[in-house]
Every structure is written in C-alpha cells, then in structure tokens.
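Residues per chain, in single letters:
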Amino acid sequence: MRRVLVAGNWKMHKVPSEARIWLAELKRLLPPLESEVAVLPAFPMLPVAREVLSGTQVAYGAQDVSPHREGAYTGEVSARMLADLGCRYTIVGHSERRRYHHETDALVAEKAKRLLEEGITPILCVGEPLEVRERGEAVPYTLRQLFESLEGVEPPGPERLVIAYEPVWAIGTGQNATPEDAESMHRAIRQALAELYGEGFARRVRILYGGSVNPKNFADLLSMPNVDGGLVGGASLELESFLSLLRIA
Ligand code: 13P
C-alpha cells in the first residue's frame, strides 16, 4: 500500500544543457514502472525538468527552499516559486545543509511548513553521524531530529510527507547501512510518527533510505518491510545506474 519512491538527489552536479540531454534520455529509456521516480536537480535545472518531463510519470523537485514566504531575502528561493515550476517534492534538512550551512531543526521545520503551504511534499532528511552511532545513540539522536524538524508542522496527509533516513557516515562513502540496520531505524521512525500523527498516518507514510545506495545493494535494502524507497546521490548521476535502480524498484 506504500508506493516505492526512487528519488535522485543530484546535489551540485550537472548544468542545464547536460540535464536537458540526460532527462530526455531518461524519458526515452524509462522502463514501465510500478514505483514512483523523481529527480531533484539544483534550482537552475528545474525549468528544464518542467519542459522535458511534463506529461511523463517522472516527478521533479528541488534540494532546498527558503524558510521565508517572500520578500527582501537576496539569494533565496521560495516555495511558491518551486510550486509555480511544478515541483512535486523538495528535500529539507539534508545533512550537507545541516553541516555546511548550519541548518537547525527549527529552520528545517519552517522550510517544511513553507513547502506544505504550497502543496509540495517535503522529503525530510534525518540521520546520525558516525560518532553517535558508535556511542550506541543512533536511534534517540535520529528520533529527536525527526520530532524537532516537525515541530509545529500540522499533520499533513500521509502522501504529503516523505522521510529519508540518511546516516551521515553512509553518504558518499560507499559504506551503506546494512538492510537490517536500516530496517530497525525505519521501524523506530515509523513508531515515532505514529505517536506524532497517528497510526493511520504512520502506516502510509513513506520512509526512504539514503547513503551509498547502488544497483548492487538496492534490492536487499528494498526487501525490508519498512524501507519504502531510496534517496540516491552518486548512483543517480549516471543514467545507466539510475535506470538499474528503477528496474529493481
Ligand atoms: P550517496 O548516494 O552519494 O551516498 O548520497 C546520498 C544522499 O545524500 C542522497 O541525498
């Protein structure tokens, strides 16, 4: 009853002219899909995504959004702009933003609210750094991040929120969480969401795993009952590996 989502986070890779070719190829080679697919390029590629992907089953969205609605905020991009460009999803709270841009849970919650106001589904990222896992505190750390990043967020419909568990030590390292470790964290996240938004919500909300997902490990991760898809960095950049992930999903 939860439809698998494979979302490619391109991070700060590709330029619009490359994206145009890549997305057109994706459209041409897309296998018949039961799962849902999304690409999440940097802001300047979103108009290209709209042009190339409209009328296809491939969704697209951004990697970040301003916590402000509108106004004198030089350099910021509002949720309304993203909605106008047709974004279905947008990442908030990615660990790279938490780390390099000092984003707090409170800020992430504001960003999620702005997206929901505009009908965009936030993909909210949580996950622990290595030293926290080594201290045996991965679950409480991640759940605290989850609760605080959803502080004051009105219960959305279960289709209107996606959680991504991305252990920081697994991102870009080639060292993915084991399916069992991912599963036990995803189960804890689902229980926490049941407390927060009710059992019905928790049963239907999708929890993605992210961190060194590739065509070799994806099937095992997806075989876990609480893993509902992947938020994929490196392996979403090459068309062939992204297509392999879609065939597995
Ligand atoms: P990698 O798949 O490159 O490890 O990145 C994961 C990630 O950060 C997706 O948001």
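Throughout this document, residue positions are counted from 1 along each chain, in the order its sequence is written. Reporting of local features is limited, given that this is a predicted model, to residues whose pLDDT is at least 70; pairs of side-chain atoms are given and counted only at 80 or more, and all residues count toward the totals for whole chains, interfaces and linings. Derived side-chain values reflect all non-hydrogen atoms in the structure, with water molecules and hydrogen atoms excluded from consideration.

1. Regarding the overall build of the chain
Then step 1. On a plain count of helices and strands, the chain comes out with 11 helices and eight strands.
Then step 2. Here the globule rule is a power law, 2.2 Å times the number of residues to the power 0.38, and the radius of gyration is based on C-alpha atoms. Computed over its C-alpha atoms, the radius of gyration of the chain comes to 17 Å, within 12% of the 18 Å expected for a compact globule of 249 residues.
Then step 3. Projected onto its principal axes, the C-alpha positions of the chain cover 45 × 45 × 35 Å.
Then step 4. Type-normalised accessible area, obtained with a 1.4 Å probe on protein chains alone, sets the label of each residue: buried when under 20%, exposed when over 50%, and partly exposed for intermediate values. Expressed as a percentage of its 249 residues, the buried residues of the chain come to 55%.
Then step 5. Should any heavy atoms of two residues lie within 4.5 Å, those residues are counted as being in contact. Of the contacts made within the chain by residues no fewer than 6 positions apart, 74% connect residues no fewer than 24 positions apart.
Then step 6. The Shrake-Rupley method, run with a 1.4 Å probe, gives the accessible areas here. Residue values count only the displayed protein chains as cover. Accessible surface computed for the chain: about 11,300 Å², of which carbon and sulfur atoms make up 51%. A run of H or I in DSSP becomes a helix once it reaches four residues, and a run of E becomes a strand once it reaches two; helices and strands are each numbered from the N terminus.

2. Re helix H2 (residues 46-53)
Then step 1. The complete set of buried residues in H2 reads Leu-46, Val-48, Ala-49, Val-52 and Leu-53. The buried residues of H2 all sit within an arc of 155° when viewed along its axis, so they share a single face.
Then step 2. Here the buried face of H2 lies against helix H1 (16-29), strand S2 (36-40), strand S3 (58-62) and helix H3 (79-84).
Then step 3. Where H2 terminates, the next one or two residues include Gly-55, which has phi positive at roughly 85°. Working definition: the arc comes from the directions between the helix axis and the C-beta atoms, pointing outward to the latter.

3. A closer look at the site of the ligand
Then step 1. In the vicinity of the ligand lie 13 residues, with Lys-11, His-94, Gly-172, Ser-212 and Gly-234 positioned nearest.
Then step 2. Under this definition, polar contacts are N or O atom pairs within 3.5 Å; protein pairs additionally need one hydrogen-donor-capable and one acceptor-capable atom, and for neighbouring residues in sequence, both atoms have to be side-chain atoms. For the ligand, an oxygen atom lies 2.9 Å from a polar atom in the side chain of Glu-166.
Then step 3. Classification convention: Asp, Glu, Lys, Arg as charged; Ala, Val, Leu, Ile, Met, Phe, Trp, Tyr, Cys, Pro as nonpolar; all other residues, Gly among them, as polar. Its residues placed into classes, the shell around the ligand shows four nonpolar, seven polar and two charged. Throughout, near means a residue has at least one heavy atom within 4 Å of the molecule or strand.

4. A short note on the packing of H1 against H2
Then step 1. Between the N-to-C directions of two axes lies an angle of 0 to 180 degrees, each axis being a line fitted to C-alpha atoms and, for a helix, fitted only over the stretch in contact. Direction vectors running N to C along H1 and H2 enclose 25°, while the axes themselves pass 9 Å from each other. Comparing their axes, H2 and H1 come out roughly parallel. The two elements H1 and H2 cross, and the hand of that crossing is right-handed. For the pair formed by H1 and H2, the contact residues are Pro-16, Ala-19, Arg-20, Leu-23, Ala-24 and Lys-27 on the first element and Val-48, Ala-49, Glu-51, Val-52 and Leu-53 on the second. Angle categories are assigned with fixed cut-offs, so that under 35 degrees is roughly parallel, over 145 is roughly antiparallel, 65 to 115 is roughly perpendicular, and the rest are oblique. For any pair of crossing helices, the crossing counts as left-handed if the nearer helix is rotated counterclockwise from the farther one by less than a right angle, and right-handed if it is rotated clockwise.

5. Remarks on the sheet that holds strand S5 (residues 121-126)
Then step 1. Only strands that DSSP links by at least two bridges are regarded as paired with each other. Ordered in space as S1-S2-S3-S4-S5-S6-S7-S8, the eight strands form a closed barrel in which the pairing is parallel. Each neighbouring strand pair of the sheet contributes to a mean axis angle of 25°, computed without reference to strand direction.
Then step 2. Pairing between strand S7 (residues 206-210) and strand S8 (residues 229-232): two bridges, direction parallel. In the strand pairing of S8, Gly-210 is matched with Leu-231.
Then step 3. Sheet strands touched by helix H7 (residues 138-149): S5 and strand S6 (162-165). Its angle to S5, the strand with the most contacts, is close to 150°.

6. Looking at the environment of Ala-72
Then step 1. Counting through the fold element by element, Ala-72 comes out in the loop between S3 and H3.
Then step 2. Along the primary structure Ala-72 and Leu-222 are separated by 150 residues, whereas in three dimensions their C-alpha atoms are 44 Å apart.

7. Some points on the pattern of salt bridges
Then step 1. Salt bridges are identified by distance alone: a Lys or Arg side-chain nitrogen within 4 Å of an Asp or Glu carboxyl oxygen. In the structure shown here, the tally under the stated rule is 22 salt bridges.
Then step 2. The salt bridge partner of Glu-117 is Arg-69, with a shortest N-O separation of 2.6 Å. Linking Glu-117 in helix H5 (residues 105-117) with Arg-69 in the loop between S3 and H3, this pair joins segments that are 48 residues apart in sequence.
Then step 3. Salt-bridge contacts for Glu-110 lead to Lys-113; the nearest nitrogen and oxygen are separated by 2.8 Å. Residue Glu-110 and its partner Lys-113 are located together in helix H5, separated by three residues, close to a single helical turn.
Then step 4. Connected through shared salt-bridge partners, Arg-69, Glu-110, Lys-113, Arg-114 and Glu-117 make up one network.

8. Quick look at the packing of aromatic side chains
Then step 1. Two rings from Phe, Tyr or Trp (for Trp, the six-membered ring) form a pair when their centres sit within 6.5 Å of each other. Planes less than 30 degrees apart are called stacked, planes more than 60 degrees apart edge-to-face, and all others tilted. Enumeration over the complete set of coordinates arrives at four aromatic pairs.
Then step 2. Plain terms: the ring middles of Trp-10 and Trp-22 are 4.9 Å apart, the flat faces sit at 80° to each other, and that makes the pair edge-to-face. Highlighted residues: Trp-10 in the loop between strand S1 (5-9) and H1 and Trp-22 in helix H1, separated in sequence by 12 residues. For the pair shown, Trp-10 and Trp-22 are each scored as buried.
Then step 3. Taken together, the ring pairs connect Trp-10, Trp-22 and Phe-242 into an aromatic cluster.
Then step 4. Two limits define a charge over a ring: the Lys NZ or Arg CZ must be within 6 Å of the ring centre, and within 35 degrees of the ring normal. When the ring centre of Trp-10 is taken as reference, the NZ or CZ atom of Lys-14 above it lies at 5.1 Å.

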